[in-house]
Amino acid sequence: AQSVAQPEDQVNVAEGNPLTVKCTYSVSGNPYLFWYVQYPNRGLQFLLKYITGDNLVKGSYGFEAEFNKSQTSFHLKKPSALVSDSALYFCAVRDIHHSGTYKYIFGTGTRLKVLA
Amino acid sequence: DVKVTQSSRYLVKRTGEKVFLECVQDMDHENMFWYRQDPGLGLRLIYFSYDVKMKEKGDIPEGYSVSREKKERFSLILESASTNQTSMYLCASSLAGQGVDGYTFGSGTRLTVV
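Remember, it's a predicted structure, so these values are computed and weren't measured experimentally. (Residues numbered from 1 in each chain as written. Chains lettered and ligands numbered in written order. Predicted model: local features only at pLDDT ≥ 70, side-chain atom pairs only at ≥ 80, totals over all residues. Heavy atoms only, no water.)

Observations concerning unusual backbone geometry
Among all residues save glycine, negative phi is the norm, and among peptide bonds the norm is trans. Phi at Thr72 of chain A is positive, roughly 45 degrees, even though this residue is not glycine. With respect to the helices, strands and loops of the structure, Thr72 of chain A is situated in the loop between strand S8 (64–68) and strand S9 (73–78). According to the relative accessible area criterion, Thr72 of chain A is partly exposed, its value standing at 31%. We note that Asp28 of chain B has phi near 60 degrees; this positive angle belongs to a residue other than glycine. (Helix = DSSP H or I, 4+ residues; strand = E, 2+ residues; numbered from the N terminus. Buried < 20%, exposed > 50% of the residue type's maximum accessible area, 1.4 Å probe, protein only.)

Quick notes on the packing of aromatic side chains
If you walk through the whole model with that rule in mind, you get 18 aromatic pairs over all chains. With a centroid separation of 5.6 Å and an interplanar angle of 50 degrees, the aromatic rings of Phe63 of chain A and Tyr89 of chain A are classed as tilted. Residue Phe63 of chain A is found in the loop between strand S7 (56–58) and S8, and its partner Tyr89 of chain A is found in strand S10 (residues 87–96); the two are separated by 26 residues along the sequence. Judged by relative accessible area, which is 0%, Tyr89 of chain A ranks as buried. Taking the centre distance of 5.6 Å and the plane angle of 85 degrees together, the rings of Tyr103 of chain B and Phe105 of chain B count as edge-to-face. Residue class for Phe105 of chain B comes out buried when judged on its relative accessible area of 8%. Within the aromatic cluster, the residues linked to one another by ring pairs are Phe34, Tyr36, Phe46, Tyr104 and Phe106 of chain A together with Phe33, Tyr35, Phe48, Tyr103 and Phe105 of chain B. One Lys or Arg, Arg94 of chain A, reaches over the ring of Tyr32 of chain A and ends 3.8 Å from the middle of that ring. (Phe/Tyr/Trp six-rings, centres within 6.5 Å; stacked < 30°, edge-to-face > 60°. Lys NZ or Arg CZ within 6 Å of the ring centre and 35° of its normal.)

A look at the sheet that holds strand S3 (residues 19–25) of chain B
All names here are of chain B. The antiparallel open sheet is built from four strands, whose spatial order is S1-S3-S8-S7. Looking at the sheet topology across the chains shown, the edges are occupied by strand S1 (4–6) and strand S7 (64–70). Going across the sheet, the axis of each strand differs from the next one's by a mean of 20 degrees, ignoring polarity. When S1 meets S3, the two strands line up antiparallel, connected through three bridges. Within S3, the residue paired with Gln6 across the bridge is Cys23. (Pairing = 2+ DSSP bridges. Axes fitted to C-alpha atoms, helices over the stretch in contact; angles between N-to-C directions.)

Have a look at this one:
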């Protein structure tokens with residue numbers, strides 16, 4: 001079965017410093033990986049995805065993620081954190097139901113707190 | 001701007017009530033999903049639908065049912081609300097195909113059962 005793990009419940013970083021939010025995956029076949037962000041009392045917003053190709057994927061709001069096949073990781077990164085980046089971040093992997101419908105399995109989330 | 005709209009942002013219901021959560025999307029997506037979100041547990045899939053009148057159980061369907069009479073609308077029903085169903089409920093939709101586009105989410109409904 002497909003799965004993702006986010007090993008950190010919370011990450012604290014000072015404004016202006018680089019940030020990393022970790023995600024590891026376990027899949028059979030090629031992984032389709034996604035990052036979403038959730039601001040308080042809101043739904044999840046798409047940030048970026050890895051399907052194939054370049055291992056460094058660029059997304060919204062200056063975020064990027066690095067796909068590493070040997071380490072089965074897909075860490076989210078940003079060179080310089082902003083206070084407004086403080087939110088809940090979810091990693092997800094594509095899965096397929098026996099009906100043929102594609103769906104996504106989400107990690108437990110990592111709360112990012114950027115300190116001024 | 002394309003969107004998924006959940007009819008209520010906050011709901012307070014009494015134990016034993018029948019509760020309807022509504023979700024409408026305007027993107028002509030084939031697939032629609034209901035998740036619940038709880039701290040430390042992430043998002044857990046309750047039910048999904050890949051076509052009108054079609055539904056499939058997710059990981060935690062007990063105590064819930066769904067209805068999809070029209071392509072754009074997917075309703076989650078709590079047959080007899082209980083306090084352990086207090087949660088954030090998220091609706092999402094996606095295109096059929098190879099699953100490369102991800103979900104579009106609604107803003108969520110925070111349900112409290114008292």
